[in-house]
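So you can see what is in the structure, the chains are spelled out below.
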Amino acid sequence: TSRSDKLLVRDVNPHLLCVLCRGYFVEATSIVECLHSFCKSCIVKYIKTSRYCPICDVQLNRQDPFLSLKPDEILQRLCYKIVPGLYKSEKLRRKDFSVRHNEAIA
Ligand SMILES: [Zn+2]
Ligand SMILES: [Zn+2]
């Protein structure tokens, strides 16, 4: 990685970390009410015990809290872009090259 990449990583890092596991987002998922983001597995696990956002305490959908979750593809893509190692490991896992090819038109 070049120096500019490192600068960029440091600047955006706090926005790419899940508060629940303190790691980079994996399958980034946002709460539609407040747009806070978490790993999919982290927030799914969390809302089994609480129906409020872990960051701002907004109440999730009363009938079904899962309706308040939506995959955040843009954030996830950003995460892959900023953290090359993460993208690589996910890519190996999924054998999916579409993210990189779709970037230009996204
Ligand atoms: Zn997480
Ligand atoms: Zn929130």
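Before reading further, recall that the structure is shown in the block above.
Residues numbered from 1 in each chain as written. Chains lettered and ligands numbered in written order. Predicted model: local features only at pLDDT ≥ 70, side-chain atom pairs only at ≥ 80, totals over all residues. Heavy atoms only, no water.

### A look at the coordination of the zinc ion (ligand 1)
Selection rule: For Na, K and Ca the donor cutoff is 3.2 Å, while for all other metals N, O and S atoms must lie within 2.8 Å; water is not among the atoms, so some sites may look incomplete. Under the classification used here, a metal with four donors is tetrahedral if each angle lies between 85 and 135 degrees, square planar if opposite donors are over 155 degrees apart and the others between 65 and 115, a six-donor metal meeting that same test is octahedral, and anything else is irregular. Accessible area is worked out with a 1.4 Å probe on protein chains only. A residue is then buried under 20% of its type maximum, exposed over 50%, and partly exposed in between.
With distances of 2.3 to 2.4 Å, the protein atoms coordinating the zinc ion (ligand 1) are Cys18 (SG), Cys21 (SG), Cys39 (SG) and Cys42 (SG). For the zinc ion (ligand 1), the four donor atoms are set out with angles of 103 to 113 degrees between them, so the coordination reads as tetrahedral. All donors of the zinc ion (ligand 1) come from a single chain, and their spacing in sequence reads C-x2-C-x17-C-x2-C. Cys42 sits in the buried class, given a relative accessible area of 15%.

### Points about the sheet that holds strand β1 (residues 28–31)
Which entries qualify depends on this criterion: Pairing between two strands is assigned when DSSP locates at least 2 bridges connecting them. Helix numbering and strand numbering both begin at the N terminus, where a helix is a DSSP run of H or I of at least 4 residues and a strand a DSSP run of E of at least 2. The angle between two axes is taken between their N-to-C directions and runs from 0 to 180 degrees, where each axis is a line fitted to C-alpha atoms and a helix contributes only its stretch in contact.
Read from one edge of the open sheet, three strands run β2-β1-β3, paired in antiparallel fashion. Each edge of the open sheet is held by one strand with a lone partner, namely β2 (37–39) and β3 (69–71). Pairwise comparison of adjacent strand axes, ignoring direction, gives a mean angle of 40 degrees for this sheet.

### A look at a nonpolar patch on the surface
Rules: Grouping into patches uses exposed residues only, defined as over 30% relative accessible area, and leaves out salt-bridged ones; the cut-off is 9 Å for like charges and 5 Å for nonpolar side chains (Val, Leu, Ile, Met, Phe, Trp, Tyr). Working definition of accessibility: Shrake-Rupley area with a 1.4 Å probe, residue cover restricted to the visible protein chains. Each reported salt bridge corresponds to a side-chain nitrogen of Lys or Arg within 4 Å of a carboxyl oxygen of Asp or Glu.
Nonpolar side chains collect at one region of the surface, where Val19, Leu20 and Ile55 lie side by side and expose about 220 Å² of accessible area between them. Looking at the secondary structure, you find Leu20 in the loop between α1 (3–12) and β1. Leu20 sits in the partly exposed class, given a relative accessible area of 32%.

### Observations concerning the coordination of the zinc ion (ligand 2)
The zinc ion (ligand 2) binds to the protein through Cys34 (SG), His36 (ND1), Cys53 (SG) and Cys56 (SG); the donor distances cover 1.9 to 2.3 Å. Classification of the site at the zinc ion (ligand 2) as tetrahedral follows from its four donor atoms and the range of 103 to 113 degrees in their angles at the metal. Under the relative-accessibility criterion, His36 is labelled partly exposed at 24%.

### Let's talk about the environment of Lys48
Within the element layout of this structure, Lys48 appears in the loop between α2 (40–46) and β3. With 18 residues separating them along the chain, Lys48 and Phe66 place their C-alpha atoms 9.6 Å apart.

### A closer look at the environment of Asn13
You can see Asn13 is positioned in the loop between α1 and β1. Separated by 70 residues in the primary sequence, Asn13 and Val83 place their C-alpha atoms 9.0 Å from one another.

### Side note on the side chain of Gln76
Defined as follows: Here a polar contact is recorded for every N or O atom pair within 3.5 Å, except that within protein the pair must consist of a potential hydrogen donor and a potential acceptor, and residues adjacent in sequence are included only if both atoms are side-chain atoms. Contacts are assigned to residue pairs that have any heavy atoms within 4.5 Å of one another.
Here Gln76 lies in helix α3 (residues 73–82). Look at Gln76 and you get buried, because its relative accessible area is 8%. A polar contact is formed between the side chain of Gln76 and the backbone nitrogen of Glu27, at a distance of 2.8 Å. Those residues in contact with Gln76 that sit more than four places away from it in its chain are Phe25, Val26, Glu27 and Ala28.

### As for the nonpolar core
Test applied: To define a nonpolar core, start from buried Ala, Val, Leu, Ile, Met, Phe, Trp, Tyr and Cys residues and group those joined through side-chain atoms within 4.5 Å.
Of all hydrophobic cores here, the largest spans 19 residues; its most connected members are Leu16, Cys18, Phe25, Ile31, Phe38 and Ile43. Elements supplying a minimum of two residues to this core: β1, β2, α2 and α3. With four residues, the top contributor of residues to this core is α3. Setting aside residues no more than four positions away along its own chain, Cys18 makes contact with Gly23, Phe25, Phe38, Cys39 and Cys42.

By themselves, these observations are geometric and do not establish any function.
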